[in-house]
Amino acid sequence: MARNKEGLVLLLDVGPTMHNALPEIKKVCSMLIQKKLIYGKFDEVGVVVFGTQETDNELTKEVGGYEHVVVLRNIKVVDGDLVDAFQELPRGNFDGDYLDAIVVGMDMLIKKYQATNKGKKRLCLITNALCPIKDSCEGTREDQVGTIAAQMSAHGMKMESVIVRGRLSGEGDQRIMDENDRLLNIFSEKTSAKAVYVESPTALLGAIKTRNISPVTIFRGDLELGSNMKIKVWVYKKTSEEKFPTLKKYSDKAPSTDRFATHEVKVDYEYKSVEDPNKVVPPEQRIKGYRYGPQVVPISSAEWDAVKFKPEKSVKLLGFTDASNIMRHYYMKDVNIFIPEPGNARAALAVSALARAMKEMNKVAILRCVWRQGQGSVVVGVLTPNISEKDSTPDSFYFNILPFAEDVREFQFPSFSSFPASWQPNEQQQEAADNLVKMLDLAPSAKQEALLPDFTPNPILERFYRHLELKSKHPDAVVPPLDETLKTITEADPDLLSEKKNVIDAFSKSFELKENPRLKKSSKLLLREKPSGSDEELSYKDATNVLAVKPVKVEKIGDSSPVQDFEAMMSHRDSPDWVSKAIQDMKNKINSLIENFYDGDNHGKALECLLALRKGCILEQEPKQFNDFLRHLFNVSQEKKLRNFYESLIPRGLTLISKSEAIDSEVTDDEARNFLVKKELKIE
Amino acid sequence: MELDPDDIFKDDEDNPDSEFYQQRESSKEFVVYLVDASPKMFSSTCPSEDGKEETHFHIAISCIAQSLKTQIINRSYDEVAICFFNTREKKNLQDLNAAFVFNVAEREYLDRPTARLIKDFDCIEESFMKDIGSQYGIVSGSRENSLYNALWIAQALLRKGSAKTADKRILLFTNEDDPFGSIKGVAKADMTRTTLQRAKDAQDLGISIELLPLSQPDEEFNVSLFYSDLIGLEGDELAQFMPSAGQKLQDMKDQLRKRMFTKRIVRRITLSIANGLSIELNTYALIRPTMPGAITWLDSVTNRPLKTERSFICADTGALMQEPAKRYQPYKNDNIMLSVEELSEIKRVSTGHLHLLGFKPLSCLKDYHNMRPSTFIFPSDKEVIGSTCIFIALLRSMVRLKRFAVAFYGSSSHPQLVALVAQDEIISAGGQVEPPGMHMIYLPYSDDVRHVEEIHSNTNAGAPRATDDQIYRAASLIKRIDLKDFSVFQFANPGLQRHYAILQALALDEDDIPEINDETLPDEEGMARPGVVKAVEEFKLSVYGDNYDEESDMGNGKASDASKKRKTAAENAVKESANYNWPDLADNGQLKDLTVTELKYYLTANNLPVTGKKEVLISRILTHLGK
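All values derive from a computational prediction rather than experimental measurement.

Reading guide: rules and limits
Residues numbered from 1 in each chain as written. Chains lettered and ligands numbered in written order. Predicted model: local features only at pLDDT ≥ 70, side-chain atom pairs only at ≥ 80, totals over all residues. Helix = DSSP H or I, 4+ residues; strand = E, 2+ residues; numbered from the N terminus. Buried ≥ 20, exposed ≤ 12 C-beta atoms within 10 Å, placed from the backbone. Contact = placed C-beta atoms within 7 Å. UniProt positions renumbered as here; feature names shortened; annotations may be inferred. Pairing = 2+ DSSP bridges. Axes fitted to C-alpha atoms, helices over the stretch in contact; angles between N-to-C directions. Domains from an automatic or database assignment. Expected span 1.5 Å × (residues − 1). Arc of directions from axis to C-beta. Nonpolar A, V, L, I, M, F, W, Y, C, P; charged D, E, K, R; others polar. pLDDT = per-residue confidence, 0-100. Core = buried A, V, L, I, M, F, W, Y, C linked by C-beta atoms within 7 Å.

## What to know about the overall build of chain B
Right, so step 1: Counting secondary structure elements, chain B contains 19 helices and 22 strands.
Right, so step 2: Taking all 627 residues of chain B together, 38% fall into the buried category.
Right, so step 3: Taking contacts inside chain B between residues at least 6 apart in sequence as the whole, the part at least 24 apart equals 65%.

## With respect to the UniProt feature "domain: Ku" (unreviewed entry) in chain A
Right, so step 1: Sites flagged by UniProt as "domain: Ku" (unreviewed entry) map to residues 278–419 of chain A.
Right, so step 2: As a span, residues 278–419 of chain A carries 17% helix and 35% strand, and end to end its C-alpha atoms are 60 Å apart.

## Considerations on the sheet that holds strand β14 (residues 314–322) of chain A
All names here are of chain A.
Right, so step 1: Around the barrel, which closes on itself, the seven strands sit in the order β7-β8-β15-β18-β17-β16-β14 with mixed pairing between neighbours. Direction aside, the axes of adjacent strands within the sheet are offset by 35° on average.
Right, so step 2: Summarising the sheet, strand β7 (residues 219–224) and β14 pair through two bridges and their orientation is parallel. Pairing of Glu-224 across the sheet is with Lys-316, part of β14.

## Here's the deal with the pairing of strand β18 (residues 396–401) of chain A
Residue and element names in this part refer to chain A.
Right, so step 1: With respect to burial, β18 is a largely interior element, six of its six residues being buried.
Right, so step 2: Judged by which residues are buried, β18 turns out to be covered on both faces: Ser-396, Tyr-398 and Asn-400 on one side and Phe-397, Phe-399 and Ile-401 on the other are all buried.
Right, so step 3: As paired elements, strand β15 (residues 336–340) and β18 share three bridges and run antiparallel to each other. Bridge pairing in β18 places Ile-337 opposite Tyr-398.

## Description of the domain arrangement of chain B
Right, so step 1: Taken as a whole, chain B is organised into domain 1 (25–253), domain 2 (354–450), domain 3 (468–544) and domain 4 (558–625).
Right, so step 2: Measuring from the centre of the C-alpha atoms in domain 1 of chain B to the corresponding centre in domain 2 of chain B gives 47 Å.

## Notes on helix α6 (residues 174–190) of chain A
Residue and element names in this part refer to chain A.
Right, so step 1: Here α6 contains 17 residues, and its C-alpha end-to-end distance of 24 Å stays within 8% of the 24 Å for a straight helix at 1.5 Å per residue.
Right, so step 2: What α6 keeps buried is the set Asn-180, Leu-183, Leu-184 and Phe-187. An end-on view of α6 places all buried positions within 90° of arc, on one side of the element. The exposed set on the far side of α6, more than 90 degrees from its buried face, consists of Gln-174, Arg-175, Asp-178 and Arg-182.
Right, so step 3: Structurally, α6 contributes buried residues whose contacts are with α5 (141–154), β5 (157–164) and β6 (192–198).

## Some details on the interface of chain B and chain A
Right, so step 1: Taken together, the contacts link 196 residues of chain B with 213 residues of chain A.
Right, so step 2: Here the side of chain B that touches chain A takes 11 residues from helix α11 (residues 387–401) of chain B, the largest share from any one element.
Right, so step 3: Its residues placed into classes, the side of chain B that touches chain A shows 105 nonpolar, 49 polar and 42 charged.
Right, so step 4: Looking at chain direction, strand β19 (residues 514–515) of chain A and strand β17 (residues 384–385) of chain B are connected through two bridges and run antiparallel. Bridge assignment links A:Lys514 to a residue of β17(B), and that residue is B:Ile385.

## A short note on the domain arrangement of chain A
Right, so step 1: According to the domain assignment, chain A contains domain 1 (2–207), domain 2 (215–402) and domain 3 (532–683).
Right, so step 2: Centre-to-centre separation of domain 1 of chain A and domain 2 of chain A, based on C-alpha positions: 37 Å.

## Re the sheet that holds strand β22 (residues 437–442) of chain B
All names here are of chain B.
Right, so step 1: Strands sit in the order β8-β9-β16-β22-β19-β18-β15 around a closed barrel of seven strands; the barrel is mixed. Geometrically, the sheet is characterised by an average inter-axis angle of 40° between neighbouring strands, direction not taken into account.
Right, so step 2: As paired strands, strand β19 (residues 416–423) and β22 are joined by six bridges and run antiparallel to one another. Note that in β22 the partner of Ala-419 across the bridge is Ile-441.

## Brief notes about the pairing of β5(A)
All names here are of chain A.
Right, so step 1: In terms of burial, β5 is largely enclosed, as seven of its eight residues are buried.
Right, so step 2: The sheet contact formed by strand β4 (residues 121–127) and β5 spans seven bridges and is parallel. Paired with Arg-122 across the two strands is Lys-158, which belongs to β5.
Right, so step 3: Both β5 and β6 contribute to a ladder of seven bridges, which runs parallel. By the bridge assignment for β6, Ile-163 is matched with Tyr-197.

## A closer look at the confidence of the model for chain B
Residue and element names in this part refer to chain B.
Right, so step 1: Model confidence for chain B is summarised by a mean pLDDT of 79, while 88% of its residues fall at 70 or above.
Right, so step 2: Taking the mean pLDDT of every element in chain B, the minimum, 35, falls on helix α1 (residues 5–8) and the maximum, 92, on β22.
Right, so step 3: Low pLDDT, under 50, characterises residues 1–25; the stretch is placed with 26 contacts to residues that sit more than four places away or in other chains.
Right, so step 4: The model gives residues 551–559 a pLDDT under 50, and that stretch makes 12 contacts with residues more than four places away or in other chains.
Right, so step 5: Two numbers describe this predicted complex: its pTM, 0.73, and its ipTM, 0.74.

## Considerations on the environment of B:Gly612
Residues and elements named next belong to chain B.
Right, so step 1: Tracing the chain through its elements places Gly-612 in the loop between α18 (596–605) and α19 (614–625).
Right, so step 2: Look at Gly-612 and you get partly exposed, because 13 C-beta atoms sit within 10 Å.
Right, so step 3: Sequence spacing of Gly-612 and Leu-211 is 401 residues, and the spatial spacing of their C-alpha atoms is 67 Å.

## Some words on helix α13 (residues 494–507) of chain B
Right, so step 1: With 14 residues, α13(B) should cover 20 Å at 1.5 Å per step; its first-to-last C-alpha distance of 20 Å lies within 8% of that length.
Right, so step 2: Extensive coverage of α13(B) is indicated by the burial of 12 of its 14 residues.
Right, so step 3: Burial in α13(B) covers these residues: B:Pro494, B:Gly495, B:Leu496, B:Gln497, B:Arg498, B:His499, B:Tyr500, B:Ala501, B:Ile502, B:Leu503, B:Gln504 and B:Ala507.
Right, so step 4: On its buried face, α13(B) is in contact with β12 (286–292), β13 (295–299) and α8 (301–307) of chain A together with α3 (56–74) and α4 (115–122) of chain B.
Right, so step 5: B:Asp509 occupies a position one or two residues after α13(B) and carries a positive phi of about 55°.

## Description of unusual backbone geometry
Right, so step 1: The phi dihedral of A:His68 is positive, around 60°, even though this residue is not glycine.
Right, so step 2: Position of A:His68 among the secondary structure elements: in the loop between α2 (58–62) and β3 (69–77).
Right, so step 3: Residue classification places A:His68 among the buried residues on the basis of 24 C-beta atoms within 10 Å.
Right, so step 4: Positive phi, normally seen in glycine, also occurs at B:Asp95, with a value near 60°.
Right, so step 5: One can find B:Asp95 in the loop between β4 (79–85) and β5 (99–102).

## As for the environment of B:Gln432
Right, so step 1: Position of B:Gln432 among the secondary structure elements: in strand β21 (residues 431–434).
Right, so step 2: For B:Gln432, a count of 16 C-beta atoms within 10 Å puts it in the partly exposed group.
Right, so step 3: When neighbours within four sequence positions are excluded, B:Gln432 is seen to be in contact with A:Gln412, B:Glu425 and B:Ile427.

## A look at the nonpolar core
Right, so step 1: In terms of nonpolar packing, the biggest core is built from 195 residues, with A:Leu10, A:Leu11, A:Val48, B:Ala407, B:Val418 and B:Leu420 touching the most fellow members.
Right, so step 2: With 10 residues, helix α9 (residues 345–361) of chain A is the single largest residue contributor to this core.
Right, so step 3: With sequence-adjacent residues up to four places away left out, B:Val418 is seen in contact with B:Ala407, B:Tyr409, B:Met440, B:Ile441, B:Tyr442 and B:Leu443.
Right, so step 4: With 74 residues, the next largest nonpolar core counts A:Val297, B:Ala60, B:Leu212 and B:Ile502 among its residues.

Printed below as a string of structure tokens:
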């Protein structure tokens, strides 16, 4: 573990022109540390601020100079205090010299690690680079930067610079900015440094990688263009989802006095015979079965291994085709990248030649890949060129997996031209739409592209870590509202909306929307959910503040808290219709949850809903409603994908409502008890 | 009160005041195969693919057998019945002559196909003459009409289930184009009339009748003699019929084993555009990876299914407990507790469903901006009238201006930033290739994107770039190996097809597993064409030079260093390992006295894994020694 620890120094510009961006800088740095506290507990971090009035660093004591640079924290292992340290980031009133800060940071890293920790030493600079750097006594500024860059590279340090521009940093002298950009670019060329420019607070939050992941190749070997021509390549993941952390289950069984309790919960699976629930079958006596029509065919793993599909490890070219033959929506998964074998100049040349030719001709390559020996499947995918913009980075390819014939469902949809005239936009409407599409522009030429995926942080994870931090201080803290800056990810940017108000108004006026009057009241789910200014505020507060009294009357069952909504509706006493509507809505809700089985977590939710429905039906003495519904659920659940759901009902005692629970029920206790058992037999 | 199943389990599309565009899709298909078993079916032959002569009866039977084998995987909930007519024996509920419904145990006449049915049907030809027999059912002088009987039986079988939920079909295999040819006069006219009436009655009940005629090489099946009236062919259809029927027969045999899914709405969502303007959309899953199917655990002794029971055990006390409602995350030196509600609250970052954020040119959507299979969006006017009109207007603008929309998709389980890419309808001769609508593409966040290409940057020399000549050579190579009509649907998944083949072989006790043709392998023949070989050679020469040795370790010094090290370590281990008498040590229980390093000599020398604790290593050695 410790072998992989990273040494990081944050160099933060806190000069006067940076004050606007400081709140965002605090957030992104806290996030960085928080993730390190979970995923990189042994990493060491130091913090340097510059542009302050004070000066406090070792270099100034040793050699003089380096004013207005303060070492806020020396390099040490990450801890909770560091998160707090960012909350009181000083606001400087001097123009910062980022080059001084870089030197101070390098000095800290060198003193701390000397020659060790190669490749794991990192500097992270956040500045707007609006102020000129000091002249050096020897040579030009370029020479000076060149020398520092050479040192950096000799010590195996990496640097990431985030340069804040646009509306975050105010006006600067264009000449100085250009010079600074050029100087910072020297770092990028000469060392493993990278500079990114951000113009919006959201992009600033996403500009720094808050989690270090050491990439692992999924394939190293030959890209075979034919039997005679091979190119040595390495394949990595280009995108891979950073998942919501899997939390551990908490057990409160241990006595509170036991300080060494782990509070962990072990999950144990037992396999029991369907006929005799008391008989436990040991794991080695289990055998896998696959459905073949109504039967299940048992196949042992040994049998299976002997006959299953065993392709050879290889990556083979099938051919090239026009890029237009591959629609964008066929891409199936996260993306891989093919890079030429590092250090192999000829492989790099071959990749470069192919990539550039493909780009010119607008062609893509189709590949068949088996990444590992012994893997039981092949993938067919499309290789697209990625021409490098940086001199030091070789050209490469992106690889996307394409669907097989079995993966495509050929559903037919009506042509738009077959729709009635009233559904076709007229000329004026089309023009309004054209204007909207043109004007509601997230990538205007003069500005940086908004919501560029590479700079867009994950709002859910951000919220999770912030909540975690809050809870570590106040165990009763409620979930904080979504950060204001991150709201531009989940909702349209209000600035953009007000700027383009004319276009949007014209668009809204051109079209008319109304509820379908023919629909029964109960099934009108969608319109009420229409978020409009004030309503949304209300429901938002409602959702975020657990203590708040519910100000709106619940009139339908929503997605977020169906059980609560259901209970609220059942308790409306102003009209008896509410009960039947609540029951009907709940049934619809459960149905839709079950139908959307693709999201695995719906099962749990559906179960909760079903439990609530059962409770409600007993309270309101409507056993028939529930019993009939449950019977129908079982008929549907004969399909195998619902079997898991069905099986999870038994331990929860989700059976028919019997006479003893509700007097109107025609179901006896025995019948209710046997219901599940009987159904089970039928399913086989 | 009986609850109407159609009411609560109503499909979203299944609106009673059905709007015209909502075509109802049946969820099941009921098929009755009617096979003529007259002596003529056995005496006429056709040359088969491998040159041998095959009887028409054999062709019909093998076609049905093939079709059943794919059906049991593709649509195993469909139901079939097989009925022969012009038979000697009779077996049917109506007790009609010269018609025999083939069936196996534990199965109704019209039921889901089972392995047993397929297996027995596969060898029906051997026992057919003995058990069922063949004879002409329509002979002059008798009032019997076997064709009429067969249609009647089929219609009776298909009475099962409502026409609303099932597609009902009769597939008729025969080589007799004039079934009443042997009869003359009034009797013939009478029989023709009653048979046609019987067919019409069936068709009126929503049953479709399809004819699969078998012709002899020298004498084509003449549809117009009788069957054109029975299946209702007119004018041009008549001329088209015979060629298309041959194709149909072929298609039935060559079907791909592919699980079929009925079209259904994944979710109904709203897209809020601006100013509270929200339109109604339905989402569909058009592309999803197909898995081999769910595993059912069985007891290997009884082959009875098992059920899984999950129990939660407290690690501290060992007590059994309910599923806990609290989760925790170790953070700083503490365990931070979070309730399930809190977690779902955290994920709820947006109200409503899809929020439009703006538009970007298509060039902003990079090839690496992808995370999961896309989801298809189609408008609906069911609740919000006017949605479709807005959707069409936006779609057309986006296609014309080459822009895509960026939106936030606030699903409760997986809220994500998405790109909406507009797609115009594409129609080819074969029908709709791409439906009109938008595709929702799931975008990565900044922490999901990795900058691996930069890790290996060479900061001193810069990365090699191809020269114009090299690019030119690459271009001529690309032109040579061009897949002109490439379509993403063209490859079957060889792993999955193999899986189905194995399953079939085991279920039917077949001796050998049908061979699967791996379509994903490169076209070796095409690659060996002189033009291609030459282009490859020229490209190779241009980028590699003429003294390139592929196996030389000119590439990565580091990797080969590591492999050399590994090699010496292995050699060393073999040497060291020879110094010990392992069986003796094992017998005397002295292995535990050795150090881990010493134990690893044995493991390395014998190519065994060296991971794990000491006890694990020892037990691995013991297993390997056979103790």
